[in-house]
Amino acid sequence: MSHCLVTGGAGFIGSHLCEQLIQQGEQVTAVDDLSTGFLQNLDSIIDHPQFTFRTGSITDPVLMAEMVQGVDTIYHLAAAVGVKLVADNPVRTIETNIYPTEVLLRHAVQGGHKFFLASTSEVYGKNPKERWTEEDDLHFGPTTRPRWAYGASKAIDEFLALAYHQKYGLDVRIGRFFNVVGPRQVGQYGMVIPSFIEQALDGGPVVVFDDGTQIRCFGHVSEIVDCVIDLTNLDDAKGQVYNIGSDEPVSICELAEAIIAKVNPEVKIEYLPYNKAYNEDFEDVRRRVPDLGRLEKTLGRKPQVKLDAILDDIIASKKKIRGLV
Ligand code: NAD
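Everything numeric here is computed off the predicted structure, so don't read it as measured data.

A. Region of the structure containing the overall build of the chain. Scanning the chain from terminus to terminus reveals twelve helices and 13 strands. For the chain, whose C-alpha radius of gyration is 19 Å, the value lies close to the compact-globule estimate of 20 Å for 325 residues. If one aligns the C-alpha atoms of the chain with their principal axes, the spans along those axes are about 55 × 45 × 40 Å. Looking at the chain residue by residue over its 325 residues, the buried ones come to 53%. Within the chain, counting contacts between residues at least 6 apart in sequence, those at least 24 apart form 77% of the total. A total accessible area of about 13900 Å² is found for the chain, and carbon and sulfur atoms account for 50% of it. Here the chain contributes 32 positive and 45 negative side-chain charges, whose respective centroids are spaced 2 Å apart.

Put into structure tokens, the structure is as follows:
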């Protein structure tokens with residue numbers, strides 16, 4: 001049994017990760033400031049003898065020094081997340097996403113801890129390639145547009161992690177998550193699938209930003225978390241960056257139509273320009289599709305769950321929360 005620290009453990013992905021680690025027999029300590037996460041996400045494990053939860057911020061260096069004591073592995077997922085939150089609050093994004101990562105990486109070097117760093121497909125910015133490989137260029141927009149602060153802050157985290165690997169042999173791997181979805185994800189921070197499902201359950205309209213031709217790929221959180229744990233346990237993944245997600249593209253319009261067909265075919269779609277949804281400066285990424293070759297080569301598999309099954313799972317969980325099933 002090893003002892004894992006999960007930052008952002010009460011979040012959407014973090015809570016699934018904690019559950020999976022507990023199921024595998026690990027001892028898990030989670031830390032979260034509950035800013036976008038919820039304690040209820042941990043209901044199934046909160047009383048488990050091998051699980052400990054601590055409310056607190058990764059921006060508190062004293063707390064972090066305490067939290068890493070006796071730990072073998074650090075899964076660093078806490079971050080200011082979500083396009084809306086980031087566009088609205090660039091200061092919080094930068095302060096949460098850069099310095100605390102540096103503090104935790106230093107602890108990992110000193111303590112010899114294994115480290116998984118959660119990064120994002122946002123680091124590719126608006127690279128126009130059809131499919132992004134981990135060696136592709138990062139194409140950010142200007143610094144006058146705060147939405148790029150999220151991807152840029154995670155890119156700095158990646159540079160730091162890789163520099164510590166090169167200089168001090170830090171046992172780190174980096175996962176660039178593409179759209180990760182599943183039960184417990186909430187729509188209020190701009191996540192598209194929970195937003196669409198909640199709008200459809202409310203009777204509509206389902207609000208599609210821009211013209212809905214943007215392309216995304218959606219991976220089920222259970223498979224993503226399995227990839228994270230397996231990569232962290234593999235020596236071959238040391239010092240590597242991995243795209244993690246689904247590689248099956250779907251347009252946002254197709255997604256809205258699929259959700260409406262499943263939830264309530266009477267619901268209408270409404271289109272909203274980005275400058276009304278966010279602000280005048282907002283710039284979106286038209287296409288975001290990973291090349292999963294490196295992940296497949298290392299793990300011998302890639303996420304497989306189809307969008308249809310993913311939507312059924314999330315719709316069922318949203319209906320359960322509303323007492324509809
Ligand atoms: P989430 O908001 O549910 O999880 C983030 C968690 O971090 C939350 O529980 C939040 O309360 C916590 N947190 C934020 N600031 C904190 C602080 N200062 N101290 C302690 N805890 C803090 O979002 P998520 O989707 O589960 O994201 C988890 C990680 O995955 C993040 O690093 C995010 O950048 C990355 N990611 C997610 C996706 C996705 O599709 N969900 C895509 C790309 C990257």
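B. Representation of a nonpolar patch on the surface within the structure. Taken together, the side chains of Leu138, Ile156 and Phe159 make up a nonpolar region of the molecular surface, amounting to roughly 280 Å² of accessible area. With respect to the secondary-structure elements, leucine 138 resides in the loop between strand 5 (114–120) and helix 6 (148–168). Exposure remark for leucine 138: the relative accessible area of 31% places this residue in the partly exposed category.

C. Representation of unusual backbone geometry in the model. Note that the residue after glycine 204, namely proline 205, is joined by a cis bond; omega there is 0 degrees. Checked against the element boundaries, proline 205 lands in the loop between helix 7 (192–201) and strand 8 (206–209). A positive phi angle, near 85 degrees, is found at arginine 184, a position not held by glycine. Structurally, arginine 184 is set in the loop between strand 7 (180–181) and helix 7. The backbone phi angle of aspartate 210 is positive, close to 60 degrees, even though this residue is not glycine.

D. A look at the site of the ligand. Taken together, 29 residues surround the ligand, and among them Asp32, Thr36, Leu77, Tyr150 and Lys154 come closest. Taking serine 35, its main chain carries an N or O atom lying 3.1 Å from an oxygen atom of the ligand. For the ligand, the protein covers 94% of the area, taking 810 Å² as the surface of the free molecule. At three residues, strand 5 tops the list of elements feeding residues into the shell around the ligand.

E. Just the packing of aromatic side chains, in detail. Tallying each qualifying case throughout the model produces eight aromatic pairs. Through a chain of ring-to-ring contacts, the aromatic side chains of Tyr75, Phe116 and Phe177 assemble into a single cluster. Between arginine 147 and the ring centre of tryptophan 148, over which it is positioned, the NZ or CZ distance is 4.3 Å.

F. Molecular detail of the nonpolar core. If you look at the biggest cluster of nonpolar residues, it comprises 33 residues, and the most contacted ones within it are Leu17, Phe51, Tyr75, Phe177 and Ile244. Counting residues per element, the ones that place at least two in this core are strand 1 (3–7), helix 1 (12–23), strand 2 (27–32), strand 3 (51–55), strand 5, helix 8 (221–233), strand 11 (241–244) and helix 11 (293–299). Top contributing element to this core by residue count: helix 8, with seven residues. Sequence-distant contacts of phenylalanine 177, that is, excluding residues within four places in its chain, are made with Ile13, Phe116, Ala118, Ser119, Thr120, Ser121, Ile224, Val228 and Ile244. Counting residues in each nonpolar core, the second largest holds 23 residues, with Leu63, Met64, Leu104 and Val172 among its members.

G. Here's a closer look at the sheet that holds strand 1. The strand order 3-2-1-4-5-6-11 describes an open sheet built from seven strands, whose pairing is parallel. Two strands lie at the open edges of the sheet, namely strand 3 and strand 11, each paired on one side alone. Across this sheet, the average inter-strand angle for adjacent strands is 20 degrees, counted without regard to direction. Relative to strand 6 (residues 172–177), strand 5 runs parallel, the two being bridged by six bridges. Paired with serine 119 across the two strands is arginine 176, which belongs to strand 6. Against the sheet, helix 6 contacts strand 5, strand 6 and strand 11, and its axis sits at roughly 155 degrees relative to strand 5.

H. How the structure looks around the pattern of salt bridges. On inspection of all chains with the given rule, the structure shows 23 salt bridges. For glutamate 102, the salt bridge goes to arginine 106, with nearest N and O atoms at 2.5 Å. You can see glutamate 102 and its partner arginine 106 sitting in helix 5 (residues 99–111), four residues apart, about one turn around the helix. Across the salt bridge formed by arginine 145 and glutamate 283, the nearest N and O atoms sit 3.4 Å from each other. Here arginine 145, found in the loop between strand 5 and helix 6, pairs with glutamate 283, found in the loop between helix 10 (274–277) and helix 11; they are 138 residues apart in sequence, far enough to count as distant.

I. Spatial organisation of the pairing of strand 11. The alternating pattern of strand 11 places Val241 and Asn243 and Tyr242 and Ile244 on opposite faces, both of which are buried. Summarising the sheet, strand 6 and strand 11 pair through four bridges and their orientation is parallel. By the bridge assignment for strand 11, phenylalanine 177 is matched with isoleucine 244.

Conventions used here
- Residues numbered from 1 in each chain as written.
- Predicted model: local features only at pLDDT ≥ 70, side-chain atom pairs only at ≥ 80, totals over all residues.
- Heavy atoms only, no water.
- Helix = DSSP H or I, 4+ residues; strand = E, 2+ residues; numbered from the N terminus.
- Rg over C-alpha atoms; globule rule 2.2 N^0.38 Å.
- Buried < 20%, exposed > 50% of the residue type's maximum accessible area, 1.4 Å probe, protein only.
- Contact = heavy atoms within 4.5 Å.
- Areas by Shrake-Rupley, 256 points an atom, 1.4 Å probe, with all protein chains shown as cover.
- Lys, Arg positive; Asp, Glu negative; His and termini not counted.
- Charge placed at Lys NZ, Arg CZ, Asp CG, Glu CD.
- Patch = residues over 30% accessible without salt bridge, like charges linked within 9 Å, V, L, I, M, F, W, Y side chains within 5 Å.
- Salt bridge = Lys/Arg side-chain N within 4 Å of Asp/Glu carboxyl O.
- Near = heavy atom within 4 Å.
- Polar contact = N/O pair within 3.5 Å; in protein donor to acceptor, adjacent residues only side chain to side chain.
- Phe/Tyr/Trp six-rings, centres within 6.5 Å; stacked < 30°, edge-to-face > 60°.
- Lys NZ or Arg CZ within 6 Å of the ring centre and 35° of its normal.
- Core = buried A, V, L, I, M, F, W, Y, C linked by side-chain atoms within 4.5 Å.
- Pairing = 2+ DSSP bridges.
- Axes fitted to C-alpha atoms, helices over the stretch in contact; angles between N-to-C directions.

Shape descriptors only; they carry no functional weight alone.
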